[in-house]
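Notes for the structure review
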Amino acid sequence: MNLDPRNFQQAAREALNDPLLRPALGRMKTHFGAGRAAAVARYGDFEALREAGKAIRDYAVTHLDELLTQFERSVVARGGTVHWARDAAEARDLILGILRDAGAKTVTKGKSMVTEEIALNPFLEANGIVPVETDLGEYIVQLRHEPPSHIIAPAFHLSKEQVAETFFASHTDLDPKRSLVERNALVQEARAVLRRSFESADAGITGANFLSAKEGAAVIVTNEGNGDLTRLLPKMHIVVTGIEKVVADMNDVAVLLRLLPRSATGQPISTYVSVMAGRRGADESDGPQAFHVVLVDNGRSKLIGTEAQDVLRCIRCSACINHCPIYGAIGGHAYGATYMGPIGAALNPGVMGVENAAHHANASTFCGRCAEVCPVKIPLPRIMRHWRAVEHSKGLAPRSITAGLGVWAFAAKRPGLYRLGASVMAWFLRMMGRRGTVHALPVMQGWFAVRDFPVPQGRTFQAQWKARRQNAAERIGLEGGNSRSRQQR
Amino acid sequence: MTAKPRVGLFVTCLVDLVRPQVGFAAVKLLEQAGCQVEVPAAQTCCGQPAWNAGADAHAVDIARQTIAAFEGFDHVVVPSGSCGGMIKRHYPEVFEKDEAWLARARALAAKTHELMSFLVKVRGMSGVTAQFAKTVCVHDSCSSLREMGVKAEPRALLGSVSGLTIDELKDQQTCCGFGGLFSVKYPEISERMADDKIADALSTKATVLTGGDLGCLLHLKGRMARQGKALEVRHAAEILADMGGEPALGEP
């Protein structure tokens, strides 16, 4: 399992050779791609909805200070507490402090990528607190000690047979001869096991899809209902999320709720939408007695005002990932980071450092599919290119690439030299060719590792064009000469 | 009678080096469409490899050279969605912080067209006089599709070729895995993407894979040659200009 983004190339190679991964990734197009396409077609003017979503998120990103302070006031007015974490370590310490103050020993968790980002689970375990993931996919990868391979479908890389193996290995108190062949049997077993955790947990931790500044509410979408059980049953609910998730009010949330599930799973709306605002009131019969929100920066605020600022609009729907041909080839683990695919490629170099996550920005053909499906119109390839420019200007790009580019650019800026170089190259490739293609050369080894190179047809276009023009000019000259000679006669 | 529009042909570095016939096909088609075609000698590459690698200083120099060479024409036509997209979509980004050059970049962008969309949309060409009695599948490059908005035009023109039948790929949206330097930097990922595209092409009735971008075609043909797969690959302009009888890409 790759946990280091610098090992991307090796991890990608391993992923490509993983026979179990390919069928799983093959389901991506039918499962998410076709679902989104149908949902968008049914909606009508989805383009206008995207524009509205973009405007809402742009407003939020450019008014974060105002909205976040308003959000804090609103949460406090409802009896909750807001905590501010500059980085992952601060967030972990804050959460541990909150849990320790309450004497909590066990914690149920709704799916939260920010808690993955700050590596909360291993930290809690090391400090004597047991976290139990309650989203089915997240629960499965937790049992397998793997990170999620996808931001909304954490166990997408696994077959149901692999899940069954995991359950047999983990749920050792159950009958070893039970049948886990059917998908439903897996779901029922997880429900039964998780029910015990829900009932005994001292605290529940969820993420948030949106924070509404005016109402002081956190909103999550789920399809399993685990989010509600996580936040309502224990005495304490802690929301852990990124500072950029805030929007002005629930009207804005309502617009984004039309965009999010359609872009993510192709659903018009998720099975559950939970609005979580403060602790249980005096006249209320259920809900947590304590409500905390931990707002994590962890590199986000430093993107404001940079060429990567638009990435903060992201609502984590995963449409870019689901439509990414690179993700479709290698899956999520190869990235060695919490956020994979195009959103990872645009975000990770900014928050993890270009020196660590340069591969993410480079491993793209700039096919543009991600930007085309992004519900809030983030120019993802443009931001990836920005990180490549940063990498280049810092001298971090591989020497083989920059040296090659340098030689090529020297010629490309000198048309006469370039034409000569191209002519020599065309001749050379024709000499090296066998039956129409070149099989290997000492340069461009990446190309020749997997393919041949078609032999040039003949001399370069420019050389042939020049020759034709000269012939034509001579012909005209000859004809002119002939006519003169005729006149002389 | 109005004067013929002066068209500057941006040949592209790959056509210049590997497939000059595409350039001559483009000249022929443009002349058939009533244009006066010129090929400025001061062109090399559009600079996309530098721009995509983040080598912005190189991209700036090369873009300036291209703008200077082509801004005098009525139209700039490119037999590639990718190089066309570089000029049309990305040159203005290259000069975002340089007002004087930004204006020139935008002016050039406004009159730059992918070859087949120029023929159909600007010159009103509805068909060609060419013969090609084969079934083809059409690979849309990502830049043609998403940067230049070209999809119907190659099909309209190919559909007018005598004897030609189109059998479409099942997945017309997904990248073939070329991506310029990507194909060299991440060969194994590129390979998987190529193999998926090739499998799609082989599952059609087509014996010919065609398209408007030589980069994708070199990559796909190169991969097929390595595997001994026998689909004929050629640029759509060759078929449209009735040059489909010449040996295909990568064939002796």
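Residues numbered from 1 in each chain as written. Chains lettered and ligands numbered in written order. Predicted model: local features only at pLDDT ≥ 70, side-chain atom pairs only at ≥ 80, totals over all residues.

So, about the packing of helix H16 (residues 354-362) of chain A against helix H18 (residues 380-393) of chain A. Residue and element names in this part refer to chain A. Viewed as axis vectors pointing N to C, H16 and H18 meet at an angle of 135°, and their least axial separation amounts to 9 Å. On the basis of their axis angle, the class for H16 and H18 is oblique. Relative to H18, the crossing made by H16 is left-handed. In this structure, H16 uses Val354, Ala358, Ala361 and Asn362 to contact H18, whose residues at the interface are Met384, Trp387, Arg388, Val390 and Glu391. Grouping the constituent residues of the contact of H16 with H18 by class yields six nonpolar, one polar and two charged. (Axes fitted to C-alpha atoms, helices over the stretch in contact; angles between N-to-C directions. Helix = DSSP H or I, 4+ residues; strand = E, 2+ residues; numbered from the N terminus. Parallel < 35°, antiparallel > 145°, perpendicular 65-115°, else oblique. Left-handed = near helix turned anticlockwise from the far one by under 90°. Contact = placed C-beta atoms within 7 Å. Nonpolar A, V, L, I, M, F, W, Y, C, P; charged D, E, K, R; others polar.)

Our focus in this paragraph is helix H5 (residues 88-101) of chain A. Residue and element names in this part refer to chain A. Over its 14 residues, H5 runs 20 Å from end to end, which matches the ideal 20 Å to within 8%, given 1.5 Å per residue. When H5 is considered as a whole, its buried residues turn out to be Ala88, Ala91, Arg92, Ile95 and Leu99. Each buried residue of H5 lies within a common arc of 100° when the element is viewed along its axis, so the set occupies one face. Along H5, the residues that are exposed and aim more than 90 degrees away from the buried face are Gly97 and Asp101. (Expected span 1.5 Å × (residues − 1). Buried ≥ 20, exposed ≤ 12 C-beta atoms within 10 Å, placed from the backbone. Arc of directions from axis to C-beta.)

What follows concerns the sheet that holds strand E5 (residues 135-139) of chain B. All names here are of chain B. Taken in spatial order, the four strands of this open sheet run E6-E5-E7-E8, and their pairing is parallel. Pairing within the sheet leaves two strands with one partner each, and these edge strands are strand E6 (165-166) and strand E8 (232-235). Direction of pairing for E5 relative to strand E7 (residues 208-211): parallel, over a ladder of four bridges. Opposite Val138, over in E7, you have Thr210 as the bridge partner. Of the strands in this sheet, E5 and E6 touch helix H9 (residues 152-159), which is tilted by about 165° from E5. (Pairing = 2+ DSSP bridges.)

All names here are of chain A. Position of Arg280 relative to the elements: it lies in the loop between strand E9 (272-276) and strand E10 (290-296). Between the alpha carbons of Arg280 and Arg78 there is a distance of 9.2 Å; along the sequence they are 202 residues apart. Among residues more than four places away in sequence, those in contact with Arg280 are Asp286, Gly287, Pro288 and Gln289.

Taken together, the buried positions of H9(B) are B:Glu153, B:Pro154, B:Leu157 and B:Leu158. All buried residues of H9(B) fall inside an arc of 125° around its axis, so they share one side.

Moving on, we get to the sheet that holds strand E1 (residues 6-9) of chain B. Residues and elements named next belong to chain B. If you walk across this open sheet you meet the four strands as E2-E1-E3-E4, and the pairing is parallel. Two strands lie at the open edges of the sheet, namely strand E2 (36-38) and strand E4 (112-114), each paired on one side alone. Neighbouring strand axes in the sheet, compared pairwise and without regard to direction, differ in orientation by 35° on average. Direction of pairing for E1 relative to strand E3 (residues 75-78): parallel, over a ladder of three bridges. Bridge pairing in E3 links Gly8 to Val76.

This part is about the domain arrangement of chain A. Domain annotation of chain A identifies domain 1 (45-298) and domain 2 (409-458). If you average the C-alpha positions of domain 1 of chain A and of domain 2 of chain A, the two centres end up 54 Å apart. (Domains from an automatic or database assignment.)

Residue and element names in this part refer to chain B. Taken domain by domain, chain B holds domain 1 (6-122) and domain 2 (135-240). In this structure, domain 1 and domain 2 have C-alpha centres spaced 22 Å apart. Of all the elements in the fold, those that place two or more residues in the side of domain 1 that touches domain 2 are helix H1 (13-18), helix H2 (20-32), helix H3 (48-52), helix H5 (81-94) and helix H7 (115-122). Its residues assigned to classes, the side of domain 1 that touches domain 2 shows 14 nonpolar, ten polar and five charged.

This paragraph deals with unusual backbone geometry. Positioned with a positive phi, A:Ala119 is a non-glycine residue whose angle comes to about 50°. As for its position among the elements, A:Ala119 is in the loop between helix H6 (113-117) and helix H7 (120-126). For A:Ala119, a count of 16 C-beta atoms within 10 Å corresponds to the partly exposed category. Positive phi values are uncommon outside glycine, yet B:Asp242 reaches one of about 60°.

Our next topic: the interface of chain A and chain B. Listed by partner, the interface residues are 53 residues for chain A and 59 residues for chain B. Residues belonging to the side of chain A that touches chain B are distributed by class as follows: 30 nonpolar, 13 polar and ten charged.

Looking now at the nonpolar core. A:Val294, A:Ala346, B:Ala26 and B:Leu240 are the most contacted members of the largest nonpolar core, which totals 216 residues. Residues within four places of B:Leu240 in sequence aside, it is in contact with B:Ala25, B:Leu29, B:Val128, B:Ala130, B:Leu157, B:Leu158 and B:Val161. (Core = buried A, V, L, I, M, F, W, Y, C linked by C-beta atoms within 7 Å.)

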